[in-house]
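Residue-level structural notes
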Amino acid sequence: MTSDPRRRLPSVEAVLVGLQARLVDVSAASPNRAILTRLVQARISVERQTAATDDGHEVPDLQALVGELAEEARALMNGRLFPVINATGVLLQTNLGRAPLSEETSVRLGGVAMGYSNLEYDIEAGRRSDRAGTLRQTFEALLGVPAVVVNNNAASLLLALATVARGREVIVSRGELIEIGGSFRLPDVMRLSGARLVEVGTTNRTRLADYREAITPRTAMILKVHTSNFQVVGFVESVPVDHLAVLAQERNIVIMEDLGSGSLLPTEEAGLAHEPTVQDTLAAGVDLVAFSGDKLLGGPQAGLVAGRAELVAKLGKNALYRALRPDKLTLVALEATLGSYLRGQARTELPLWRMLMETAGSTRIRATAWVEAVRTELGNTAPPCHVVDVESTVGGGTLPGQVLNGFGLAVGTPGRRPSAATLAERLRRSTPTVIGRVHHGRLILDPRTVVDPEDDLAVADVLVSALRQ
Ligand SMILES: *Cc1c(COP(=O)(O)O)cnc(C)c1O
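Below, the structure is looked at part by part. (Residues numbered from 1 in each chain as written. Predicted model: local features only at pLDDT ≥ 70, side-chain atom pairs only at ≥ 80, totals over all residues. Heavy atoms only, no water.)

Counted by the stated rule, this structure contains 24 salt bridges. The salt bridge involving glutamate 13 is made with arginine 33; its shortest N-O contact spans 3.2 Å. With glutamate 13 in helix H1 (residues 12-26) and arginine 33 in helix H2 (residues 33-53), this pair connects stretches of sequence that are 20 residues apart. Exposure remark for glutamate 13: the relative accessible area of 41% places this residue in the partly exposed category. Given the relative accessible area of 42%, arginine 33 is considered partly exposed. (Salt bridge = Lys/Arg side-chain N within 4 Å of Asp/Glu carboxyl O. Helix = DSSP H or I, 4+ residues; strand = E, 2+ residues; numbered from the N terminus. Buried < 20%, exposed > 50% of the residue type's maximum accessible area, 1.4 Å probe, protein only.)

Before going further, it helps to examine the sheet that holds strand S17 (residues 442-445). Ordered by their spatial adjacency, four strands build an open sheet running S13-S14-S17-S16, and the pairing between neighbours is antiparallel. Lying at the two open borders of the sheet, with one neighbouring strand each, are strand S13 (385-392) and strand S16 (437-439). Averaged over all neighbouring strand pairs, the angle between strand axes comes to 45°, with direction disregarded. Relative to strand S14 (residues 404-411), S13 runs antiparallel, the two being bridged by eight bridges. The residue of S14 that forms the bridge with valine 388 is glycine 408. The strands that helix H16 (residues 360-378) touches are S13, S14 and S17; relative to S14, the one it contacts most, it runs at about 5°. Together, S14, S16 and S17 form the strand contacts of helix H17 (residues 420-428), whose direction differs from that of S17 by roughly 40°. (Pairing = 2+ DSSP bridges. Axes fitted to C-alpha atoms, helices over the stretch in contact; angles between N-to-C directions. Contact = heavy atoms within 4.5 Å.)

Let us now look at unusual backbone geometry. In this structure, the amide linkage connecting arginine 417 to the following residue, proline 418, adopts the cis form with an omega of -5°. Looking at where proline 418 falls in the secondary structure, it is placed in the loop between S14 and H17. Put simply, threonine 431 and proline 432 share a cis peptide bond, and its omega is -10°. Mapped onto the elements of the fold, proline 432 is located in the loop between H17 and strand S15 (433-435). Positive phi values are uncommon outside glycine, yet arginine 98 reaches one of about 50°. Looking at the element boundaries, arginine 98 is found in the loop between strand S1 (84-86) and helix H4 (103-113). When its relative accessible area of 21% is taken as the criterion, arginine 98 is described as partly exposed. The phi torsion at asparagine 252 lies on the positive side, around 60°, for a residue other than glycine. Relative to the helices and strands, asparagine 252 is located in the loop between helix H9 (241-250) and strand S10 (254-260). Note on asparagine 252: relative accessible area 71%, which makes it exposed.

The next point concerns the side chain of arginine 426. Along the chain, the position of arginine 426 falls in helix H17. Despite its burial, arginine 426 pairs with no opposite charge, the nearest such side chain being glutamate 425 at 7.6 Å. Within the structure, arginine 426 has its side chain in polar contact with the backbone oxygen of alanine 466 (distance 2.7 Å). Not counting residues up to four positions away in its chain, the partners in contact with arginine 426 are Pro418, Ala466 and Gln469. (Lys, Arg positive; Asp, Glu negative; His and termini not counted. Polar contact = N/O pair within 3.5 Å; in protein donor to acceptor, adjacent residues only side chain to side chain.)

This paragraph deals with the sheet that holds strand S12 (residues 303-307). On the basis of which strands lie adjacent, the open sheet formed by seven strands has the order S4-S12-S11-S10-S9-S5-S8 and mixed pairing. Two strands in the sheet have a free side with no partner beyond their single neighbour: strand S4 (147-150) and strand S8 (196-200). Sheet twist, expressed as the average angle between the axes of neighbouring strands with direction ignored, equals 25°. Note that strand S9 (residues 219-225) and S10 share five bridges and pair parallel. In the strand pairing of S10, leucine 223 is matched with methionine 256. Here helix H11 (residues 309-317) sits on the sheet and contacts S4, S10, strand S11 (288-292) and S12; the angle it forms with S12, its principal contact strand, is near 145°.

The next subject is the pairing of strand S5 (residues 169-173). In terms of burial, S5 is a largely internal element, five of the five residues being buried. Along S5, one buried face is formed by Glu169, Ile171 and Ser173 and the opposite face, lined by Val170 and Val172, is buried too. Judged from the five bridges that link them, S5 and S8 form a sheet pairing that is parallel. Following the sheet pairing, isoleucine 171 is matched in S8 by valine 198. Note that S5 and S9 share three bridges and pair parallel. What sits directly across from valine 170, in S9, is methionine 221.

Below, the discussion takes up helix H7 (residues 186-193). Every buried residue of H7 is accounted for by Leu186, Val189, Met190 and Ser193. Along the axis of H7, the buried positions cluster into a sector of 105°, meaning they face one direction only. Looking at H7, the residues exposed on the side facing more than 90 degrees away from the buried face are Arg191 and Leu192. Each element contacted by the buried residues of H7 is listed here: helix H6 (153-165), S5, strand S7 (184-185), S8 and S9. A positive backbone phi angle near 85° is found at glycine 194, which sits one or two residues after H7. (Arc of directions from axis to C-beta.)

Distances and angles like these do not, on their own, reveal function.
Right, here's the structure in full:
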């Protein structure tokens, strides 16, 4: 009979003493005893549970536990959010932080981060000003209308619905009742805002008459939602927003469009299908348009609601704005991003647009350099490694079904070791971390999303080391 493996676990006190000694060896700075005790207790409790439920579980000894916990303590002190190299070919990866920011934005962030700023202060008058009006002039110059900024586009919708339609009705087409990643469902946001959802039409067809017949004295708004993360194909009909704008105006109700991605530049310049721009949407006659800061705009996480001045001002005055307002770092990053548009330099200055506009020829040169690095370093011992066609995607629920054609590197042979999954894991565990994707048993690296081409060398080094292991 084997004894209970839990009895073989070292005591919390023994691990703690060992851990403190180990950390002192390495550096003068170390978490205090209370913090280390929590780490040790948490780990021992996990080991206990695993030992209780899994008969074959090998209980780690004191040395092993101390080593692993020292690593964990160090990682904790250094922070767990760090840069990674995105070689997945998905430009707006929500899990990887969506849009990378421009150099100018990073400099401007640094400038504001370490000191004070005129966030809510009118320099000329020498008194408090209004944060909601911070970027007013920037938006008026860019779009011809003001906008209010909140923390993300989900917050844009919440604020706009609560301000315009609390206790009243909002008409939405059934084909547009979307769920976006991270369990963001339009009907839920609608309920939280205090507005009542009135669904019209069917999943695939909604006509102008459906909207017209749904309008009652309780109607506050028609909401059009850009269905950006899926496509309904086939027998589909929806009402163009300019027709809805005419109807809303006739009946004296608000018309708003949730654009989601909200590009300020025509996506066809990157060879993609036309995504309605913010300017198109405003020109169609909407009262309000909501969009994200970190999708095709190429800036920080933020939600923007632009449109009719008196409505935008009302949004800024709603008590809810206080709970949804962005901090100075978001505002300065957004202003710096919008500066690239004002200067007419967004295509070259904003990393997202550089990646969108990169030619297939350029990606071929970069992918070829990776393949050559592997062949030069590993010669005949290298697993098969080739330049292949790849299709990068915009991601982030934007332009579904649309791809950017280019070239990437493919390495490995399906069914042979090391497997593509093993290689991908080695790359993730490398310094710097490189994230690729596995496709049909091979590891694919797409240079398009490696934001800084200077990182190409680091990717080649990490790949060569991963193949040598
Ligand atoms: C992405 C998206 C949202 C949510 O935006 P966040 O900035 O992620 O909160 C809302 N509506 C649509 C149509 C979207 O595409």
